[in-house]
Amino acid sequence: GAFSYEPPEQPGTRVRGVVDCIVIGDDGRAPVLEFKTGEPSPEHQAQAALYARAMSAALAVPVDPRVLYA
């Protein structure tokens with residue numbers, strides 16, 4: 001789903017994005033899955049990590065970023 005997030009270390013900066021997939025498990029943990037094509041890049045990992053931080057703040061559960069390549 002779409003989200004808007006203001007990182008605490010960057011007041012006034014608004015990040016908007018769309019999470020490809022998030023699943024909250026029975027253990028309360030929630031991996032954020034980001035689907036990508038092409039070659040792996042550090043930018044993909046950074047995007048997934050930012051999305052995970054946003055979802056963790058919104059859901060108040062631990063969120064793990066995972067990038068999956070097609």
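Provided above is the structure to which this section pertains.
Residues numbered from 1 in each chain as written. Predicted model: local features only at pLDDT ≥ 70, side-chain atom pairs only at ≥ 80, totals over all residues. Heavy atoms only, no water.

S.K.: I would appreciate a short explanation of the sheet that holds strand S5 (residues 63-69) in the present structure.
M.R.: Backbone-to-backbone hydrogen bonds pair the strands of a sheet. The strands run either parallel or antiparallel. Taken in spatial order, the three strands make up an open sheet running S3-S4-S5, and their pairing is mixed. Strands at the two margins of the open sheet, each flanked by one partner only, are strand S3 (21-22) and S5. Relative to S5, strand S4 (residues 30-36) runs parallel, the two being bridged by seven bridges. Bridged to Phe35 within S5 is Leu68. Its contacts with the sheet put helix H1 (residues 42-59) on S3, S4 and S5, and the angle it makes with S5 is roughly 145°. (Pairing = 2+ DSSP bridges. Helix = DSSP H or I, 4+ residues; strand = E, 2+ residues; numbered from the N terminus. Contact = heavy atoms within 4.5 Å. Axes fitted to C-alpha atoms, helices over the stretch in contact; angles between N-to-C directions.)

Shape descriptors only; they carry no functional weight alone.
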